[in-house]
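An overview of the molecular structure
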Amino acid sequence: MSAIIESQNLNLFYGDFQALYDINLAFEPNEITALIGPSGCGKSTFLRSLNRMNDLIDGVKIQGKILFQGNDIYAPHVDLVELRSQIGMVFQQPNPFPFSVYDNVSFGLKLAGIKDKAQIDAAVERSLKQAAIWDEVKDKLHQNALSFSGGQQQRICIARVLAVSPEVILMDEPTSALDPISSAKVEETMLELKEQYTIITVTHNLAQAGRISDRTAFFNAGKIVEFDKTKKMFLKPAKQETADYLAGKFG
Ligand SMILES: Nc1ncnc2c1ncn2[C@@H]1O[C@H](COP(=O)(O)OP(=O)(O)OP(=O)(O)O)[C@@H](O)[C@H]1O
């Protein structure tokens, strides 16, 4: 299989501080990859590099390449709105806009210039169904998204990403702000979504990584220590450092 998105010798600096060192990771389509590691090891920084969210931060310097479908996303003239519709992101805190469910989910389509109401209605329904929230909101599409529970808001945010038909979905601790039942629903949704999308998720929850991910990348101090199939890494890690982290000896 060939990777849908990959980093090649990625180094990232915040001013003088180097946060990532020579990261080479290739992500297979239709898989969930978990990024794990102790606090501050660079997981979120790496995730944000994959759709250029770090561009928003002053003083960031990036070396190396991120190839998406073979093309360097840091090449000049890359359209960032288009890039972020192909590589969407879901954040730790559900962050719906303070307007209706319908307006949240259709936001990206309208931004892309789509005006046909029937087309927008169909995309809103498809996305909410894929995000496993349709049944809960179908009669409340014009209710403010902020009036729903945290778990529902997170699935509305997932639907907002899906509406613009991404290939890759980046998730930064998507369940850590949720109660266990909402978390389980989001995990179930992720497993359904991988049939059609590629998911890369940061998680502090090793049990969650074990439950839902196909592969795991273990970061420590800005470097990749180990990257392998999750079952293999969790049962028989290649490096002592990984074994110690998985055993809870640090981090
Ligand atoms: N905007 C920034 N400016 C300067 N340094 C930053 C910035 N964002 C992150 N860092 C530093 O880069 C390093 C990696 O941070 P990052 O948030 O990527 O780690 P993480 O593994 O995602 O951590 P956590 O699990 O706590 O979220 C840390 O030392 C952090 O302090």
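You'll find the protein chain entered in an unreviewed UniProt entry as Phosphate ABC transporter, ATP-binding protein, with Lentilactobacillus senioris DSM 24302 = JCM 17472 given as the organism.

Things to note about the overall build of the protein chain
From N to C terminus, the protein chain includes 10 helices and 10 strands. For a compact globule of 251 residues, the expected C-alpha radius of gyration is about 18 Å, and the protein chain comes in at 18 Å, within 12% of that figure. When its C-alpha atoms are laid out on the principal axes, the protein chain stretches across 55 × 45 × 35 Å. Burial status across the protein chain gives 42% buried among its 251 residues. Across the protein chain, every contact between residues at least 6 apart in sequence was considered, and the portion connecting residues at least 24 apart equals 68%.

Concerning the sheet that holds strand β8 (residues 198–202)
The strand order β6-β7-β8-β3-β9-β10 describes an open sheet built from six strands, whose pairing is mixed. Sheet topology places β6 (87–90) and β10 (223–229) at the edges, where each strand pairs with a single neighbour. Taken over all neighbouring pairs, the strand axes of this sheet differ in orientation by 15° on average, direction set aside. Where strand β3 (residues 32–36) and β8 come together, four bridges link them in parallel fashion. From the neighbouring strand, Leu-35 faces β8, where its bridge partner is Val-202.

Quick word on the pairing of strand β2 (residues 17–27)
Across seven bridges, strand β1 (residues 5–14) lies against β2 in antiparallel orientation. Note on β2: the bridge partner recorded for Tyr-14 is Phe-17. Taking the residues between adjacent antiparallel strands as the criterion, β1 and β2 are bridged by two residues, where Gly-15 takes a positive phi near 60°.

Some thoughts on the site of the ligand
As a matter of local geometry, the ligand sits amid Tyr-14, Phe-17, Ala-19, Gly-37, Ser-39, Gly-40, Cys-41, Gly-42, Lys-43, Ser-44, Thr-45 and Ile-57. Mapped onto the shell around the ligand, the elements with two or more residues apiece are β2 and α1 (43–49). Ranked by the residues each element gives to the shell around the ligand, the list is headed by α1, at three residues. For the shell around the ligand, a count of residues per class yields five nonpolar, six polar and one charged.

A few points about the UniProt feature "domain: ABC transporter" (unreviewed entry) in the protein chain
Feature annotation in UniProt assigns "domain: ABC transporter" (unreviewed entry) to the following positions: residues 5–246. Secondary structure content for residues 5–246 is 38% helix and 26% strand, while the C-alpha to C-alpha distance between its ends is 26 Å.

Some details on the nonpolar core
By size, the foremost hydrophobic cluster in this structure holds 60 residues, and its most contacted members are Leu-35, Ala-159, Ile-169 and Leu-170. No other element matches the seven residues that helix α6 (residues 150–163) contributes to this core. Excluding its chain neighbours within four sequence positions, the residues that come into contact with Ile-169 are Gly-88, Val-90, Val-161, Leu-193, Tyr-197 and Ile-199.

A word on the sheet that holds strand β5 (residues 71–72)
The antiparallel open sheet is built from four strands, whose spatial order is β2-β1-β4-β5. At either end of the open sheet lies a strand with only one pairing partner, and these are β2 and β5. The pairing of β1 with strand β4 (residues 60–68) spans eight bridges and is classified as antiparallel. Considered in β4, the bridge of Glu-6 is made with Leu-67.

Side note on the pairing of β6
Neither face of β6 is exposed, since Ile-87 and Met-89 on one face and Gly-88 and Val-90 on the opposite face are all buried. Alignment of β6 against strand β7 (residues 168–172), held across four bridges, turns out to be parallel. Paired with Met-89 across the strands is Leu-170, a residue of β7.

With respect to the packing of helix α4 (residues 117–130) against α6
Between α4 and α6, the shortest axis-to-axis distance is 8 Å and the interhelical angle comes to 130°. Classified by the angle between their axes, α4 and α6 sit oblique to one another. In this structure, α4 meets α6 at a crossing whose hand is right-handed. Residues Ala-123, Val-124, Ser-127, Leu-128 and Gln-130 of α4 form the contact with α6, whose participating residues are Ala-159, Leu-162 and Ala-163. Residue classes in the contact of α4 with α6 are distributed as six nonpolar, two polar and no charged.

Some words on unusual backbone geometry
One non-glycine residue, Ala-132, lies in positive phi territory at about 60°. With respect to the element layout, Ala-132 can be found in the loop between α4 and α5 (134–137). One non-glycine residue with positive phi stands out, namely Glu-173, at about 50°. Looking at the secondary structure, you find Glu-173 in the loop between β7 and α7 (180–193). You can call Glu-173 buried: it has 21 C-beta atoms within 10 Å.

Reading guide: rules and limits
Residues numbered from 1 in each chain as written. Predicted model: local features only at pLDDT ≥ 70, side-chain atom pairs only at ≥ 80, totals over all residues. Helix = DSSP H or I, 4+ residues; strand = E, 2+ residues; numbered from the N terminus. Rg over C-alpha atoms; globule rule 2.2 N^0.38 Å. Buried ≥ 20, exposed ≤ 12 C-beta atoms within 10 Å, placed from the backbone. Contact = placed C-beta atoms within 7 Å. Pairing = 2+ DSSP bridges. Axes fitted to C-alpha atoms, helices over the stretch in contact; angles between N-to-C directions. Near = placed C-beta within 6 Å. Nonpolar A, V, L, I, M, F, W, Y, C, P; charged D, E, K, R; others polar. UniProt positions renumbered as here; feature names shortened; annotations may be inferred. Core = buried A, V, L, I, M, F, W, Y, C linked by C-beta atoms within 7 Å. Parallel < 35°, antiparallel > 145°, perpendicular 65-115°, else oblique. Left-handed = near helix turned anticlockwise from the far one by under 90°.

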